[in-house]
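Observations on chain architecture
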Amino acid sequence: MSMLQDADALPQLIGDYKPLDQWQAHLNTLFYRLRGDKLRTYYQTFASADYRLAHALAADYVEKVTAREKSAPRSTPLVILELGPGNGNLAACFLSHLKTLDKNGALYPRVRYVLVDWEQATLDGALAHPDLAAHKDRVQAVVEHRHAITL
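What you are looking at is a predicted structure, and each value in this text was computed from that prediction instead of being measured.

Each value, and the rule that gives it
- Residues numbered from 1 in each chain as written.
- Predicted model: local features only at pLDDT ≥ 70, side-chain atom pairs only at ≥ 80, totals over all residues.
- Heavy atoms only, no water.
- Helix = DSSP H or I, 4+ residues; strand = E, 2+ residues; numbered from the N terminus.
- Polar contact = N/O pair within 3.5 Å; in protein donor to acceptor, adjacent residues only side chain to side chain.
- Contact = heavy atoms within 4.5 Å.
- Phe/Tyr/Trp six-rings, centres within 6.5 Å; stacked < 30°, edge-to-face > 60°.
- Buried < 20%, exposed > 50% of the residue type's maximum accessible area, 1.4 Å probe, protein only.
- Pairing = 2+ DSSP bridges.
- Right-handed = clockwise from strand over helix to strand, strands pointing away.
- Salt bridge = Lys/Arg side-chain N within 4 Å of Asp/Glu carboxyl O.
- Axes fitted to C-alpha atoms, helices over the stretch in contact; angles between N-to-C directions.

What about the side chain of Arg-138?
- Assignment of secondary structure puts Arg-138 in the loop between helix H5 (120–127) and strand E3 (139–143).
- A distance of 3.3 Å separates a polar side-chain atom of Arg-138 from the backbone oxygen of Tyr-108.
- Here the side chain of Arg-138 touches Pro-109 through a polar contact of 3.3 Å, landing on its backbone oxygen.
- Residues contacting Arg-138, with those up to four places away along its chain left out, are Tyr-108, Pro-109, Val-111, Arg-112 and Tyr-113.

So, the packing of aromatic side chains
- A complete count under the given rule lists two aromatic pairs for this structure.
- With centroids separated by 5.8 Å and ring planes inclined at 65°, the aromatic side chains of Tyr-61 and Phe-94 adopt a geometry described as edge-to-face. Taken together, the residues span a long stretch of sequence, with Tyr-61 in helix H3 (residues 52–71) and Phe-94 in helix H4 (residues 89–101) at a distance of 33 residues.
- Relative to Tyr-113, the ring of Phe-94 lies with its centre 5.8 Å away and its plane at 55°, an arrangement referred to as tilted. A residue pair is termed long-range when its members are at least 10 positions apart, and Phe-94 in helix H4 and Tyr-113 in strand E2 (residues 111–117) qualify at 19 residues.
- Given a relative accessible area of 6%, Phe-94 falls into the buried group.
- Using a relative accessible area of 3% as the deciding quantity, one classes Tyr-113 as buried.

Comments concerning the pairing of E2
- Along E2, six of the seven residues are buried, which leaves the element largely enclosed by surrounding structure.
- Judged from the six bridges that link them, strand E1 (residues 78–83) and E2 form a sheet pairing that is parallel. Each bridged residue has a counterpart across the sheet, and for Glu-82 the counterpart in E2 is Leu-115.
- Pairing of E2 with E3 involves five bridges; the strand directions are parallel. Of the residues in E3, the one forming a bridge with Tyr-113 is Val-139.
- A crossover links E2 with its parallel partner E3, the connecting element being H5, and its sense is right-handed.

Thoughts on the pattern of salt bridges
- Under the counting rule described, the total for this entry stands at four salt bridges.
- Residue Arg-68 is joined to Glu-69 by a salt bridge in which the shortest nitrogen-to-oxygen separation is 3.8 Å.
- Overlapping salt bridges bring together Arg-68, Glu-69 and Arg-110 as one network.

Regarding the environment of Phe-94
- The spatial distance from the C-alpha of Phe-94 to the C-alpha of Ala-58 is 5.5 Å, given a sequence separation of 36 residues.
- What Phe-94 contacts, discounting residues up to four positions off in sequence, is Ala-54, Leu-57, Ala-58, Tyr-61, Ile-80 and Tyr-113.

Considering the sheet that holds E2
- Across the sheet, which stays open at both edges, the three strands sit in the order E1-E2-E3 with parallel pairing between neighbours. A strand with exactly one partner marks an edge of an open sheet, and here the two such strands are E1 and E3. Neighbour-to-neighbour, the strand axes of this sheet turn through a mean angle of 25°, independent of strand direction.

Some words on the side chain of His-97
- Within the element layout of this structure, His-97 appears in helix H4.
- Owing to a relative accessible area of 18%, His-97 belongs among the buried residues under this scheme.

Following this line, the structure appears as structure tokens:
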């Protein structure tokens with residue numbers, strides 16, 4: 001009998017099988033809950049520390065909305081959702097760059113930027129980002145504990 005035919009020679013599962021994203025969500029929950037009120041100290045993502053991702057996203061957004069509206073101009077609101085806003089830097093940099101790119105004022109005045117998180121403390125921290133103050137009339141925070149989001 002070859003090794004491939006011997007089921008006991010194959011790697012064996014330990015515990016319940018769950019997709020990696022479920023385990024990662026579980027580990028994240030444990031990690032951040034153990035940190036208590038120091039949770040925002042551990043936001044070490046590209047989005048929370050740098051402006052370049054936000055600028056690239058804003059440029060792409062302007063390009064896509066402008067192309068879409070060339071054939072049928074609209075004046076409807078533009079809603080942008082950010083799930084898990086971290087320290088608010090992505091939102092602040094995105095909105096600042098969007099405003100700069102929108103030279104004729106066709107997009108920025110229509111934008112409503114919605115920050116969504118399951119913890120009010122995270123949203124409070126994001127809203128307190130100093131560069132987000134210039135856009136406070138465009139930003140809304142929503143605490144959402146369920147999987148379905150209603151706006």
